Amino acid sequence: MSGFKRAFGLMKRNPRAASEPRVDAARILDALPLAMVVLDEQDNISTVNYAAEEFFGSSKNLLMNTHLSEILPLDHPIFLVLERARRDGLTVAEHDMALEGPRLARRGCAVQAAPLQDAPGFVVLTLQDESAARALDQQMSARNAARSITGMAAILAHEVKNPLSGIRGAAQLLEASAPAQDRELAVLIRDEADRIRAMVERMETFGEKKLERHAVNIHRVLEHVRKLSGSGFAARIRFIESYDPSLPHVHGNRDQLVQVLLNLVKNAAESIAGMERDDGEIHLSTGFQHGVRLSASSGRMRANLPLFVAVRDNGPGIPEDIRRHLFEPFISTKASGSGLGLALVAKIIADHGGLIDMESRPGRTEFRINLPVFEEPGESDG
Ligand SMILES: Nc1ncnc2c1ncn2[C@@H]1O[C@H](COP(=O)(O)OP(=O)(O)OP(=O)(O)O)[C@@H](O)[C@H]1O
Ligand SMILES: [Mg+2]
């Protein structure tokens, strides 16, 4: 107990200072992972904590004495929340709020406004981006779902592949000897056998093999994916690339990351293919989010995930009714889709200790992946 107190500087060092806490309130607020802003009666920012600086992507000096309307438009519902908190003298909470203004673009935020008792008109506003928490949550359920089909995949692979190659071989023999009008059927059997084989092989990747990870140049991976898709399913789609050339290497498995990005680009291309317009484009980007200490735990590992890769398309967006289960297997709106693509993506990203998040509205769908940075052996993995 005393060790705990000492560790947190809560020991009363000398009796004279008994009533003064050793850690001042501002430092405690800076340690809080929740963004906190204090507003005066006119909605000017009177103080912010460190998490709020990160949240707004701006320094304390710039934020202080700024009117909230310089960050969010005056007709933003957040002003109603503040008004209600002041009027009723109670904490008012709002979930899933989009905070979008000239200097801010965040969706799915939880907002709480609490009146400060000692200072009439002052309100403490806390802001939390729930998308990271949601992504983690979603990923956990996707991971469990993926596990449950792991066993099934192994059995399928074992039991289906052998007879399948028999069927395929027989069809090929028929193809050679059958009269012209039947040859078409033999080709059909062969093609369908190939399709089943491809699907079984895809399911096999759900297997719990040990993940071999190295330093991976994500830009090479993207280049490869672009080449593969540009000469195939995305041949007529315009690609836009904005890469951060100074990006460090990812700690990952190159082949699996190719698979992840190929699936995302394929989905993007398929969503565009469904449109009448012909101005479909896929935006690939990478970057480093300075100051972001997003971390995800996978097993016993914890990693910092400041590095991101995003795939964005201007297709019609993801149907509302499947969003909650998007990363689960067999969720598909496509006539010939297996619904395994995103489940596989979620599984691979979770195995990497990374995070995947999705944001979609008509004309703009983005999948954003945060991945761990490769660190030379011996460097701290903080
Ligand atoms: N970029 C996107 N735009 C619109 N909808 C998307 C996008 N990506 C995924 N979806 C939706 O999510 C569903 C699931 O995607 P997923 O990749 O898991 O399966 P699929 O593409 O249907 O089949 P498969 O990948 O196995 O061929 C899709 O059917 C589609 O409805
Ligand atoms: Mg897909």
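Parameters and conventions
- Residues numbered from 1 in each chain as written.
- Chains lettered and ligands numbered in written order.
- Predicted model: local features only at pLDDT ≥ 70, side-chain atom pairs only at ≥ 80, totals over all residues.
- Near = placed C-beta within 6 Å.
- Helix = DSSP H or I, 4+ residues; strand = E, 2+ residues; numbered from the N terminus.
- Nonpolar A, V, L, I, M, F, W, Y, C, P; charged D, E, K, R; others polar.
- Buried ≥ 20, exposed ≤ 12 C-beta atoms within 10 Å, placed from the backbone.
- Axes fitted to C-alpha atoms, helices over the stretch in contact; angles between N-to-C directions.
- Left-handed = near helix turned anticlockwise from the far one by under 90°.
- Contact = placed C-beta atoms within 7 Å.
- Core = buried A, V, L, I, M, F, W, Y, C linked by C-beta atoms within 7 Å.
- pLDDT = per-residue confidence, 0-100.
- Pairing = 2+ DSSP bridges.

With respect to the site of ligand 1
Moving on, step 1. Taken together, 23 residues surround ligand 1, and among them S271, S332, G337, G341 and L342 come closest.
Moving on, step 2. Only α9 (254-273) and α10 (341-351) provide two or more residues apiece to the shell around ligand 1.
Moving on, step 3. Per element, the largest residue contribution to the shell around ligand 1 is four residues, and it comes from α9.
Moving on, step 4. The residue inventory of the shell around ligand 1, partitioned by class, reads nine nonpolar, twelve polar and two charged.

Section: unusual backbone geometry
Moving on, step 1. The backbone phi angle of D43 is positive, close to 70 degrees, even though this residue is not glycine.
Moving on, step 2. By the element assignment, D43 lies in the loop between β1 (35-39) and β2 (45-48).
Moving on, step 3. Judged by local crowding, D43 falls into the buried class, with 21 C-beta atoms found within 10 Å.
Moving on, step 4. At D96, a position not held by glycine, the phi torsion is positive, near 55 degrees.

Structural notes on the packing of α9 against α10
Moving on, step 1. At a minimum axis distance of 9 Å, the contact between α9 and α10 shows a crossing angle of 145 degrees. The hand of the α9/α10 crossing is left-handed. The residues of α10 that touch α9, namely those facing Q256, Q259, V260, N263, L264, K266 and N267, are G341, L342, L344, V345, I348 and I349.
Moving on, step 2. Here the contact of α9 with α10 is built from residues that sort into seven nonpolar, five polar and one charged.

Here we look at the nonpolar core
Moving on, step 1. Counting 41 residues, the largest nonpolar core has L261, L264, V265, V311, V345, A346 and I349 as the members making the most contacts within it.
Moving on, step 2. Secondary-structure elements contributing two or more residues to this core are α8 (218-230), α9, β9 (281-288), β12 (307-313), α10, β13 (355-361) and β14 (364-371).
Moving on, step 3. Looking at this core element by element, the count peaks at nine residues for α9.

Quick word on α10
Every α-helix carries 3.6 residues per turn, so stepping three or four residues along brings you back to the same face.
Moving on, step 1. Most of α10 is tucked away: eleven of the eleven residues are buried.
Moving on, step 2. What α10 keeps buried is the set G341, L342, A343, L344, V345, A346, K347, I348, I349, A350 and D351.
Moving on, step 3. Of the residues flanking the end of α10, it is G353, one or two places downstream, whose phi is positive at about 75 degrees.

A look at the confidence of the model for the protein chain
Moving on, step 1. Residue-level pLDDT values for the protein chain average 83, and 82% of them are 70 or greater.
Moving on, step 2. Within the model, pLDDT remains below 50 along residues 1-13, and this stretch shows eight contacts once partners closer than five positions in the same chain are excluded.

Focus: the environment of G280
Moving on, step 1. Its place among the elements puts G280 in the loop between α9 and β9.
Moving on, step 2. Accessibility expressed as a C-beta count within 10 Å gives 19 for G280, which makes it partly exposed.
Moving on, step 3. As for G280 and N314, which are separated by 34 residues in sequence, their C-alpha atoms are 6.2 Å apart.
Moving on, step 4. Not counting residues within four places of it along the chain, the set of residues in contact with G280 comprises I237, I272, M275, N314 and G315.

Section: the sheet that holds β13
Moving on, step 1. With mixed pairing, the five strands of this open sheet are ordered in space as β7-β9-β12-β14-β13. Whereas interior strands pair on both sides, the edge strands pair on one side only; in this sheet they are β7 (238-242) and β13. Adjacent strand axes in the sheet meet at a mean angle of 15 degrees, parallel and antiparallel pairs treated alike.
Moving on, step 2. Inspection of the sheet shows β12 paired to β14 by seven bridges, in the antiparallel sense. In the sheet register, R312 faces β14, and the bridge partner there is E366.
Moving on, step 3. Together, β7, β9 and β12 form the strand contacts of α8, whose direction differs from that of β9 by roughly 175 degrees.

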